Structures are given as structure tokens and as C-alpha cells.
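Per-entry structural report
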Amino acid sequence: MESKSGRVKRIVLLIGIIACTIGGGYMIGRVVERQRVKHLMEYMSANVGEYEKSMTKFAKEMADMEKLLAGGDKLMQTIATIRNNYVDPIELDTLYEKAIPAILSELDPHSEYIPAKMFESVNESLEGEFDGIGIVFNAMTDTITVLSVIPQGPSDKAGVRPGDRVMLIDGKEVAGKGIKQDSMVKMMRGPRGSKVKLSIKRASIDELVDINITRAAIEVHSVTAAFMLDRDAGIGYLRLSQFSRTSYSEICNALAKLESEGMRSIIVDLRGNGGGFLDQVVDILNEFMERGKLLVYTEDRHGRRINEYSDGTGRYTDTRIAVLVDELSASSSEILAGAVQDNDRGLVIGRRTFGKGLVQAQLPFSDGSAVRLTVARYYTPSGRSIQRPYTNGDEMSYRMDLVNRINHHELFSKDSIHFDENMKFKTVAGRTVYGGGGIMPDIFIPVDTTKVSDFYNEVWDKNILYRYTLDFADRNRAKFDGVKTLEELDRVLDESDIMADFLKYAERNGATPTEGDLAKSKEVIMTQIRAYIGRNALSDESGYYYNIYPIDDVMQRAVKELKRGGLQL
């Protein structure tokens, strides 16, 4: 019988022999095929130990190799035939741009091809910065209205102010022309150091004002709000919109600031957060976990498992925590929520999360495009797969899942959610949690529709409510220019009878409520008006979340539970 070392040597020798055959005998058009053989060899070389355990598996890989060497790959044969024999000359890149997405569409819903022209825009939000002019704007009324200007950014230095309307960009008229918002963004963005001229309209000046701006690097913040929500109870609030390369450092800065203001408990709002970088969520979790806690693990098709543990350096291991989630919280958001839940570290409050637990590896190409291929799955510490079920090649059904949840009333009633009894898991403390995709919160909060009336639907659907907030901010611009804190914002808003003013504005725009409609929706309308004005008045979104709190059932429940001491075991 062949010895263990002999088998290993034979495998390595076979791989080496195959490597020697790659150098010759290939016709034109087989370059890509040689690359595929090269990658397969490298994979086999790196996994000699695995093949030693399973010669059957090795034999299959060898058969695949022989098929490639013999020119038996139908895809590459087709490409070579088209290249050499098609009646008209054709660029292979044109075929690849069609073929690669078609192939990937037969896999899971998250494996995808990113064309070179889209690669930068797809990645820039996660990279932490982009090149631009540094404004936050809205174009719902078909005119670019500057909502806020990033302090010390290019537009701030050039003299752009909140409330400005952009009428021309580099001499081209853009107001009232039906130009899509993403096209407007492209016109204003550009490489750092380049210039753009905005011609703006200000309420106090009849003629247009030309402002020349030199583009520069603009930071993208993932912590969009951080403030003390209840000072007496020591409860801070932190809104994280995504997990970018700078999320961990931003979280640390925000927590340090809140701690200096008396924070003893923290609400981490991940609603609508679609995820991002794994290393960032692991670092963030580490701040709240004692040493040796399993945070998340991944497992690939070969059963290889990678565990992530807390290292004991966290500064907030005694801070009570509540995590807010909803149906749009995905990927890294679900990893954070699952780790907090499975380790019994805090409460998860809201609605069942999206269920995106597939790990992608990015393969870049020389032309700037890339393939993101699913290579593993994420699991929570208790062993739950985060990924919800899917069928390869059926992306439509996968994307329709949220619509199906709405149709099945899942967003409105916990009783509409049914769990598979065969997928029970236990937290560290022995609490029962369920697998099957997504994270089911410890406390379910349904969508509240009890305050919705016909009048509310009308002012919302016709965009009357939001347009009023822009109009109010314009008329009170001088007051808002000096607002720096939430307390100052409150004073400005309290000076006006906003509800009466809004009803006059709505009536001028064709919307008049009945007494019943007004009684039903007055609170939610008033709260949303203050929240949207607050978002436009401050440099971050603290003004929005601070003012929306009175009608946000999820935030209110989190405060209530943290006052009671958080998770009760």
C-alpha cells in the first residue's frame, strides 16, 4: 500500500506535469482557457491535504482539468469559434459584457457582474469618500435645492448656502428640464482639482449668482446621527446608515462623545442599513463584547469555517444596548443584530430583517470591471444561517419577497410570521431563536397605520408636506443659519404656529382636511414636518431622528426597555 507521503508526492507530481503542458499546443483564442487551468492548478496545489483525504474528489478535479486541456469547454470553444469564424468582425469584450451577467444570473441573487463604468459609483459609498462639491440637495420639484452644505467643503468655501436653487451647471440650464437626479449628480461631480460653475437663484436677489467651485475629496459619513435621546436616563442614540471603511472609527468617536455627555445605554439604529464591510462590524461588536465571545462565522462549500471572536479590548462591555432593525436591515446589520441576540448582550427590536447572509469575493478585471461571486455563508454564533431561502437563477422571486411579506401582513402582525420548528437554536443563556433567514427581533414592533387618513395620504402622495418644509426653511433661513444644536432647533420651531401655517399652504395647493382627518393625522403630520425641517437645518440627520421620536414606536420601545434595565434573563 502506498504511504501517506508517497500519495502527497504523487499528487504534487501530477499537478507539476499538468503545469508543464500548459506552455504549448494552444491555438489562438485559448488564453482565457489557460488562465482558468492556471487558477484550477493553484487551487489544487493549495489543497493537497484535502485531496489526500478524498482521492475521489481529486479524481474529479483531474477529470475537469483534462477536459479543459482537451479543449472540451463549450463556452471557450464558442468564444474561439466566434472570434475566428463569425461573418463580421466583433469585439470579444462586447460578448463578455453580455455573457458574464447571463452566467451569473443562473447563480444566487447576490453574485453579480459590475461593469467598469459602474464600478466606482457602486463602491464609493463604502470607501468613505468621493470627489465632488460637498452639498446635500433635493430635486423633487425638478430644481436642485441645496439642503445643507458640508462644513469646510468646496461649496462652503466658495459661498454656496442652504436654500440656494441651482439653475445652470457650467452654463447648461438644469432647472425645470426634467433631468434625472443621477444625471445632475454626474454634472456636479468630477475629479478633485477640476472646476464647475453653478449659477444659483437666491430668494433675496433677482439675478443669478455665479459661483465657481473647485472639486475636492468629500467624506461620506456612515454615522448620520448621534445624540442624547434621554439625558435623565443616560440613553444615547446612534444611527448607522452603512458599514463603510470608516464606520468603526466613526462609531468610536460618536460613543466617546455620548459617553462624555452621560451615556449609560445606547440605541444603535440599523433600520434600512443594507450592510458593508465585515471587518467593520466585527470591530464594532468587539467594543460591546467581553473576551472570547463568538461574533460570527463563515463556512464555504468545502466546510472550511472561519470564526470571529471578541478580543476583550472593548470599552463598552457594560453599556446596555438595544439594536433597531427592520425588513431592509441586511448583511452586516444582521451579523451585528445576530451576535447581540445570540450572546444575550442586548435587545433586538423592530421587524424581521432582510435575510442576506451570503459572502462575496470580488474578482477584478484589467478593464476596471469586476465579478462579485458568492463563496461562503454567514452564520450567527448559535449556528443560524442568516441567508433566507432562494432558488438559483430565480432572482425575481427573491426580490419579490418583501412584497410577499407585505401581502401576508408580516409587517403589521407578528402572528403572520411562522417559524420552522426544525430550525430552533439556543442563545448562550438558553433562549430559543429561529433560523430560516433573517433575524427575528426579541421585541416585534409592527408598522403603525392607525394615524393615516385620506388627507395625510394626499399631502404625502402629492409631495405637499415635504415641499412645505423647504418653503418654511426658505422663509426662515436667517434663523436656521445660526442653529447648531437640537435645543436651538427646538426654539426656532416653537416660535411659529407650524400646523396652522401648513394647513394654509396645503389649501393653496388643493388639499383641505376634514375634521376627522385632521384629528386622526395631526400629530403625525406635525411631527414629520418638524423632522424634515430639522434634517435640513443641521449638518447631519440628528434633527430628523430627534424630532421623529414622538411617533417612532420602535425608538420609544427601546427607550422603555433600556429604562427597565435592558435584556432581562
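Look up a bit, the structure's there.
Notes on the structure in this doc start here. (Residues numbered from 1 in each chain as written. Predicted model: local features only at pLDDT ≥ 70, side-chain atom pairs only at ≥ 80, totals over all residues. Heavy atoms only, no water.)

**Overview of the overall build of the chain**
Stated precisely, the cut-off is as follows: Strands here mean DSSP runs of E at least two residues long; helices mean DSSP runs of H or I at least four residues long; both are numbered from the N terminus. Exposure classes here rest on a 1.4 Å probe applied to the protein chains alone. A residue is buried below 20% of its type maximum, exposed above 50%, and partly exposed in between. By definition, residues are in contact when any of their heavy atoms lie within 4.5 Å. Surface accessibility follows the Shrake-Rupley procedure with a 1.4 Å probe radius. Residue values consider only the protein chains on display as shielding.
Counting secondary structure elements, the chain contains 22 helices and 21 strands. Looking at the chain residue by residue over its 569 residues, the buried ones come to 47%. Restricting to contacts in the chain with at least 6 residues of sequence separation, those with at least 24 account for 69%. Total accessible area on the chain stands at roughly 28,600 Å², and carbon and sulfur atoms take up 52% of it.

**Here's the deal with the pattern of salt bridges**
The line we're drawing: Only one rule defines a salt bridge in this text: a Lys or Arg side-chain nitrogen within 4 Å of an Asp or Glu carboxyl oxygen.
Per the counting criterion, the structure on display carries 34 salt bridges. The shortest N-O distance in the salt bridge between Asp474 and Arg165 comes to 2.4 Å. In this pair, Asp474 is assigned in helix α16 (residues 464-475) and Arg165 in strand β5 (residues 165-169), connecting sequence segments 309 residues apart. Take Asp474: its relative accessible area is 25%, and that puts it in the partly exposed class. Residues Arg384 and Asp342 are paired through a salt bridge, measuring 2.5 Å at the closest nitrogen-oxygen approach. You can see Arg384 sitting in the loop between β18 (370-379) and α13 (395-399) and its partner Asp342 sitting in helix α12 (residues 332-342), a full 42 residues away along the chain. A relative accessible area of 2% places Arg384 in the buried class.

**Focus on helix α5 (residues 74-85)**
Condition: What a helix should span is 1.5 Å times the count of its residues minus one. The arc in question is the one traced by the directions running from the helix axis out to the C-beta atoms.
Between its first and last C-alpha atoms α5 spans 16 Å; for twelve residues at 1.5 Å apiece the expected length is 16 Å, and the two agree. Burial in α5 covers these residues: Met76, Ile79 and Ala80. Projected down its long axis, α5 shows its buried positions confined to an angular sector of 95°, all on one face. Exposed residues lying more than 90 degrees from the buried face of α5 are Lys74 and Asn85.

**Overview of the packing of α5 against helix α6 (residues 92-104)**
We count it as follows: Fitting a line to C-alpha atoms yields each axis, with helices limited to the stretch in contact; the angle taken between N-to-C directions then spans 0 to 180 degrees. An angle counts as roughly parallel when it lies under 35 degrees, as roughly antiparallel when it exceeds 145, as roughly perpendicular when it falls between 65 and 115, and as oblique in every other case. In a left-handed crossing the near helix is turned counterclockwise from the far helix by less than a right angle, and in a right-handed crossing that turn is clockwise. Nonpolar residues are Ala, Val, Leu, Ile, Met, Phe, Trp, Tyr, Cys and Pro. Charged residues are Asp, Glu, Lys and Arg, and all others, Gly as well, are polar.
As a packed pair, α5 and α6 sit with axes 11 Å apart at the nearest point and diverge in direction by 155°. On the basis of their axis angle, the class for α5 and α6 is roughly antiparallel. Between α5 and α6 the crossing geometry is right-handed. Residue-level contacts link Leu75, Ile79, Ile82 and Arg83 of α5 to Leu92, Leu95, Tyr96 and Ile103 of α6. Class assignment of the residues belonging to the contact of α5 with α6 gives a composition of seven nonpolar, no polar and one charged.

**Concerning the sheet that holds strand β16 (residues 347-350)**
Going by this rule: The pairing criterion for strands is at least two bridges between them, as found by DSSP.
Spatial strand order, β10-β11-β12-β15-β16-β21: six strands in an open sheet with mixed pairing. Taken across any chain shown, the strands that pair with only one partner, and hence form the sheet edges, are β10 (223-230) and β21 (443-444).

**Details of a negative patch on the surface**
Cut-off, in case you're wondering: Like-charged residues within 9 Å of one another, or nonpolar side chains (Val, Leu, Ile, Met, Phe, Trp, Tyr) within 5 Å, are grouped into patches, provided each residue has over 30% relative accessible area and no salt bridge. Counted as positive: Lys and Arg. Counted as negative: Asp and Glu. His and the chain ends are not counted at all. A charged residue contributes its charge at one atom only: NZ of Lys, CZ of Arg, CG of Asp or CD of Glu.
On the surface, Glu91, Asp93, Glu97 and Asp367 cluster together into a negatively charged patch. A residue is classified by how much of its surface remains accessible, and Glu97, at 33% relative accessible area, is partly exposed.

**Description of the environment of Thr317**
Looking at the element boundaries, Thr317 is found in the loop between β14 (305-309) and β15 (320-325). Look at Thr317 and you get partly exposed, because its relative accessible area is 24%. Remark: the alpha-carbon pair of Thr317 and Phe288, spanning 29 residues in sequence, is separated by 4.3 Å.

**Quick word on a nonpolar patch on the surface**
Taken together, Tyr86, Val87 and Ile90 make up a surface patch of nonpolar side chains, about 320 Å² in accessible area. Structurally, Tyr86 can be placed in the loop between α5 and α6. Since its relative accessible area comes to 49%, Tyr86 is described here as partly exposed.

**Topic: the packing of aromatic side chains**
Counted only if it meets this: Pairing of aromatic rings covers Phe, Tyr and Trp, the last counted by its six-membered ring, and requires centre-to-centre distances within 6.5 Å; plane angles under 30 degrees mean stacked, over 60 mean edge-to-face, and any other angle means tilted.
Tallied over the full model, the rule gives 18 aromatic pairs. Considering the side-chain rings of Phe227 and Tyr546, the 6.0 Å spacing of their centres and the 80° angle between planes classify their relative orientation as edge-to-face. One end of the pair, Phe227, is in strand β10; the other, Tyr546, is in helix α21 (residues 542-548), and 319 residues separate them in sequence. Geometrically, the ring pair formed by Tyr468 and Phe502 is edge-to-face, given 5.3 Å between the ring centres and 70° between the ring planes. Residue Tyr468 is found in helix α16, and its partner Phe502 is found in helix α19 (residues 498-508); the two are separated by 34 residues along the sequence. The two residues Tyr468 and Phe502 agree in class, both being buried.

**Observations concerning the environment of Ala511**
Checked against the element boundaries, Ala511 lands in the loop between α19 and α20 (515-537). Put simply, Ala511 and Glu458 are 53 residues apart on the chain and 7.1 Å apart in space, counted from C-alpha to C-alpha. The contacts of Ala511, once residues within four sequence positions are left out, are Phe455, Glu458, Val459, Ile464 and Ala506.

**Side note on unusual backbone geometry**
The residue Ser331 is not glycine, and still its phi comes out positive at about 55°. As for its position among the elements, Ser331 is in the loop between β15 and α12. The phi dihedral of His409 is positive, around 65°, even though this residue is not glycine. Mapped onto the fold, His409 is located in the loop between α14 (401-407) and β19 (424-426).

**A closer look at the nonpolar core**
We apply this condition: Note on terminology: a nonpolar core comprises buried Ala, Val, Leu, Ile, Met, Phe, Trp, Tyr and Cys residues joined through side-chain atoms within 4.5 Å.
Ranked by size, the top nonpolar core spans 54 residues in total, and within it Ile267, Ile349, Phe480, Phe502 and Ile525 carry the most contacts. If sequence neighbours within four positions are ignored, Phe480 has contacts with Phe472, Ala473, Leu489, Val492, Leu493, Ile533 and Ala537. Within the second largest apolar cluster, 37 residues are counted, among which are Met228, Leu238, Leu285 and Val323.

**A word on helix α18 (residues 486-494)**
Buried within α18 we find Leu486, Leu489, Asp490, Val492 and Leu493. Buried residues in α18, looked at end-on, bunch into an arc of 165°, giving them a common side. The exposed residues of α18 that point more than 90 degrees off its buried face are Arg491 and Asp494. The elements touched by buried residues of α18 are β10, α16, α17 (477-481), α19, α20 and α21.

**Here we look at the pairing of strand β2 (residues 129-132)**
Side chains Phe130 and Gly132 of β2 all project onto a buried face; the interleaved residues Glu129 and Asp131 project onto a face where none is buried. The pairing of β2 with strand β9 (residues 216-219) spans four bridges and is classified as antiparallel. The residue of β9 that forms the bridge with Glu129 is Glu219.

**Let's talk about the side chain of Ser332**
Tracing the chain through its elements places Ser332 in helix α12. Setting aside chain neighbours within four positions, we find Ser332 in contact with Phe243, Gly275, Gly276, Phe277, Leu278 and Val281.

**Describing the environment of Tyr544**
Inspection of the secondary structure assignment puts Tyr544 in helix α21. When its relative accessible area of 15% is taken as the criterion, Tyr544 is described as buried. For Tyr544 and Thr527, which are 17 residues apart along the polypeptide, the C-alpha to C-alpha distance reads 9.6 Å. Leave out the neighbours within four places in its chain, and Tyr544 touches Ala531, Tyr532, Gly534 and Arg535.

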